[in-house]
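Observations on chain architecture
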Amino acid sequence: MPENEAEVTAAGIARLAGVGRAAVSNWRRRHADFPKPVGGTEASPSFALADVERWLRDQGKLVEVPLRERVWQQLAAHPAGAVTALVHTGCALLLVRERPTAWRELTAVSDQRMAELLQPALEQVLTARFGALADWAARSPELIASVPLLRGAGELAAELGARQAFEFLLGRHLDANPRQYTLTPPGPAELMAALAGPARTVLDPASGTGTLLRAVQNPTTLYAQESDPDLAALTALRLALHGDADVRAAAADTLRADAFPRLAADAVLCHPPFNERNWGHDELAYDTRWEYGFPARTESELAWVQHALARLREGGTAVLLMPPAAASRRSGRRIRADLLRRGALRAVIALPAGAAPPYGIPLHLWVLRKPVPGLQPSPELLVVDTSDLAADGGRDKLPWHAVQTAVLDAWLPFDRHRADVDQPGLSRAVPVIELLDDDVDLAPARHLPLPTAGGGAADLAGVRERLGETLRLTTELTPPPATVAQPARWPLTTVGELARAGALQLHAGGSGSSPAGGPVLTEHDVLAGTGPSGVLPEGPEEEPVRTEPGDVVVPVLGGGAIARVVDETTAGAALGRNLQLLRAEPAALDPWFLAGFLRATANNRQASSYASTATRLDVRRLQLPRLPLAEQQRYGEHFRAIAAFEDALRLAGRLGERLVQGLHDGLADGTVRPE
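Residues numbered from 1 in each chain as written. Predicted model: local features only at pLDDT ≥ 70, side-chain atom pairs only at ≥ 80, totals over all residues. Heavy atoms only, no water.

1. Considering the overall build of the protein chain
Helices and strands together make up the secondary structure of the protein chain, namely 23 helices and 23 strands. Of all 675 residues assigned to the protein chain, the portion counted as buried reaches 48%. For the protein chain, the share of sequence-separated contacts (at least 6 apart) that also reach a separation of at least 24 residues comes to 72%. Carbon and sulfur atoms make up 51% of the accessible area of the protein chain, which amounts to about 32,500 Å² in all. (Helix = DSSP H or I, 4+ residues; strand = E, 2+ residues; numbered from the N terminus. Buried < 20%, exposed > 50% of the residue type's maximum accessible area, 1.4 Å probe, protein only. Contact = heavy atoms within 4.5 Å. Areas by Shrake-Rupley, 256 points an atom, 1.4 Å probe, with all protein chains shown as cover.)

This is the structure we're talking about:
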């Protein structure tokens, strides 16, 4: 293989051909002429991209490699490494965005000549955009090896736009190296920017990949500092491609070597590193930033809090993502007390677990305001706890719209008017004097009275009435006694045979993205019988599988007997991961008949494979009888009635649990009398 030729993994081959990874494994086993590995490991081999493309074309499995895949493979195989390739690509895309005519002239010459002309052109656009030629641009290696990649990136920009092209490539790089980066998800970033409010100058002193600054609306100047020079470069380019704000990015340790010592920003957003012992405690004992107390070695987060306050103008707002221990550790109680006394700490907000890394713990947001001399400090601290808004099933299902609405509905009235924001179990304005005890514990849950589960005596009456109606409905929907008969001896077929015959289509969920997001039907939604709760990841448009009325959706993990028929309220949602969609031809198959037989326990047992502790369903092996359409519809009506009965039982169960807990809570707090 020629030196530096692009390589591709099995996952990359699957993306090229538009198939699953299992198909690539089958090709390797069944075709002796499939390209041999040229690198990687035995468990994760890599293959020469050119050989793979040639084989796929010869087999009729590929007409042309999608442009975005070709550019990504060139970037991933760059001889100087993917990060350097990303920096080169970002610089070129900035030139495409800022000076499109100059870019077209550059691409009209040979590769060698383009590399010679590109260096001064990039220096000009980078100097104009960042105020001075950044260190990371000046030390960048020669561009000749990047010219084919940059030509492809320019074509991708013409197809997607310069910003979207860079976001796609950066997103692929971050996905391919998840352990190298601590990323702030878009949901918390948007909430933090909203809490900070309108701001013209914004600083992120631990900028990572620039997600927090990217969430700011209409800034004029963005300041970013990051200790990793590569991340500082990527952040600068990402922000410059995202909008028209001036961008000032520096690569240095923020606490030890502050790049913006005279800055007085309107807002500071920060997701600092947690639990750092080597943050500069010994060198920085007499630093002027420790206005609220010298942080202990174990309190690195309180050092970041005070750095943020030191870089704000008077009255400016800082929002930091913090570990929950920072609100209650005894070693930080004196600094927390001084932040409260002087009115610098305005709110502590508990987020649901899974909001941001580390995903296993419920992180906090601290909202701070730099005191204005002569103004009376706030006598109250707002505490908000959104942990009860968390959805089951992991961070992909967190209801971020509900979390953001609940937080802002409490913060905005509190901040603007000192309005009454007390909501049991959710938010409360706590008098500072109540918090200044020996512990100065600011954990929101400790200061919020729990709500009555039923919402009070009046609401409990409504719950009881709804439960009665639902129980009456379940009685009406209870299936009649079954007729005793011998097991049927139908001729059987499988889902795989029906798919090959064209009687139905099979689609796997889990891929797709959208610049504007969109609802996703998740595995949890199918199991719980609820509406779509997921959201499409943000990115260039990659059309996902969309549900239609009459589709049958089956979870493939867990070994349970579940099949759901999509109705009008669920139609249009993207199909989530670990789901298979079966789309029946109306003239050949009734969807309720199909779903009903797929749920049979024996059927699922014979179609399931067991791997370690997980059970995976092979949908193609599921069986159903060969029956005329009219007979299918007769069975389908019975299965539809059973599904309605099941939905009523689910609702009755939820209402019953709410009524029972509400009565317990009401009797315990006196809002419900024994009589």
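2. Brief notes about the packing of aromatic side chains
Per the counting criterion, the structure on display carries 12 aromatic pairs. Ring centres 4.8 Å apart and planes at 70° place the aromatic pair phenylalanine 34 and tryptophan 55 in the edge-to-face group. Here the residue phenylalanine 34 occupies a position in the loop between helix H2 (21-30) and strand E2 (39-40), and tryptophan 55 occupies one in helix H3 (residues 49-58), the gap between them amounting to 21 residues. Looking at tryptophan 55, the relative accessible area reads 5%, which means it is buried. Ring plane angle 75° and centroid distance 5.1 Å describe the contact between tyrosine 223 and phenylalanine 260, whose orientation is recorded as edge-to-face. A residue pair is termed long-range when its members are at least 10 positions apart, and tyrosine 223 in strand E5 (residues 221-226) and phenylalanine 260 in the loop between strand E6 (246-251) and strand E7 (265-270) qualify at 37 residues. Sitting over the ring of phenylalanine 168, arginine 68 keeps its end group 5.2 Å from the ring centre. (Phe/Tyr/Trp six-rings, centres within 6.5 Å; stacked < 30°, edge-to-face > 60°. Lys NZ or Arg CZ within 6 Å of the ring centre and 35° of its normal.)

3. Here's the deal with the sheet that holds strand E16 (residues 534-535)
In space, the three strands of this open sheet follow the order E16-E15-E19, with mixed pairing throughout. Each end of this open sheet is capped by a strand with a single partner; those strands are E16 and strand E19 (574-575). Bridge count for strand E15 (residues 519-521) against E16 is two bridges, and the pairing is antiparallel. Directly across from proline 519, in E16, lies its bridge partner valine 535. (Pairing = 2+ DSSP bridges.)

4. Describing the packing of helix H7 (residues 111-130) against helix H9 (residues 147-160)
Relative orientation of the contacting elements H7 and H9 amounts to 80°, with a least axis distance of 10 Å. Here H9 runs roughly perpendicular to H7, going by the angle between their axes. Mapping the contact onto sequence places Asp111, Met114, Ala115 and Leu118 in H7 and Val147, Pro148, Leu150 and Arg151 in H9. Residue composition of the contact of H7 with H9, grouped by class: six nonpolar, no polar and two charged. (Axes fitted to C-alpha atoms, helices over the stretch in contact; angles between N-to-C directions. Parallel < 35°, antiparallel > 145°, perpendicular 65-115°, else oblique. Nonpolar A, V, L, I, M, F, W, Y, C, P; charged D, E, K, R; others polar.)

5. Examining the sheet that holds strand E4 (residues 201-204)
Across the sheet, which stays open at both edges, the nine strands sit in the order E6-E5-E4-E7-E8-E10-E9-E11-E12 with mixed pairing between neighbours. Bordering the open sheet on either side are E6 and strand E12 (427-431), each of which pairs with just one other strand. For this sheet the average axis-to-axis angle between neighbouring strands, irrespective of direction, equals 15°. Taken together, the five bridges between E7 and strand E8 (residues 312-322) define a ladder with parallel strand orientation. By the bridge assignment for E8, alanine 265 is matched with leucine 312. The strands touched by helix H11 (residues 186-196) are E7, E8, strand E9 (345-350) and strand E10 (364-369); relative to E8, the strand with the most contacts, the crossing angle is about 155°.

6. So, the nonpolar core
The biggest cluster of nonpolar side chains holds 90 residues, and the ones touching the most others in it are Leu118, Leu195, Leu269, Leu351 and Leu365. Sort the elements by how many residues they give to this core and helix H5 (residues 82-98) lands first, with 11 residues. Discounting chain neighbours no more than four positions away, the residues touching leucine 118 are Leu95, Trp103, Leu106, Leu143 and Leu150. Core analysis: the next-biggest nonpolar cluster, separate from the first, contains 43 residues, Ala265, Leu320, Leu339 and Trp366 among them. (Core = buried A, V, L, I, M, F, W, Y, C linked by side-chain atoms within 4.5 Å.)

7. Brief notes about helix H21 (residues 591-598)
Among the eight residues in H21, seven count as buried, and that is most of the element. For H21, the complete set of buried residues consists of Trp592, Phe593, Leu594, Ala595, Gly596, Phe597 and Leu598. In this structure aspartate 590 caps H21, since a side-chain oxygen of it lies 3.1 Å from the backbone nitrogen of tryptophan 592. (Polar contact = N/O pair within 3.5 Å; in protein donor to acceptor, adjacent residues only side chain to side chain.)

8. Some points on the pairing of E4
Neither face of E4 is left uncovered, since the one carrying Thr201 and Leu203 and the one carrying Val202 and Asp204 both have all their residues buried. Across four bridges, the pairing between E4 and E5 is parallel. Along E5, the bridge assignment pairs valine 202 with leucine 222. Looking at chain direction, E4 and E7 are connected through two bridges and run parallel. In the strand pairing of E7, leucine 203 is matched with valine 268.

9. Some points on the environment of proline 449
By the element assignment, proline 449 lies in the loop between helix H17 (432-435) and helix H18 (457-477). Along the primary structure proline 449 and aspartate 422 are separated by 27 residues, whereas in three dimensions their C-alpha atoms are 9.8 Å apart. Excluding residues within four positions of it along the chain, proline 449 makes contact with Pro424 and Gly425.

10. Focus: the side chain of threonine 494
Mapped onto the elements, threonine 494 comes out in strand E13 (residues 492-494). Residue threonine 494 is classed as buried on the basis of its relative accessible area of 18%. Among the polar contacts listed, one links the side chain of threonine 494 to the backbone nitrogen of glutamate 497, at a separation of 3.1 Å. In this view, threonine 494 contacts Arg620, Arg621, Leu622 and Gln623; residues no more than four positions away in its chain are not counted.

11. Some points on the pairing of strand E20 (residues 579-584)
Extensive coverage of E20 is indicated by the burial of five of its six residues. Sheet analysis places strand E14 (residues 504-508) next to E20, joined by five bridges and oriented antiparallel. Note that in E20 the partner of alanine 508 across the bridge is glutamine 580. Here strand E17 (residues 552-555) pairs with E20 via four bridges, running antiparallel. In the sheet register, valine 552 faces E20, and the bridge partner there is leucine 582.

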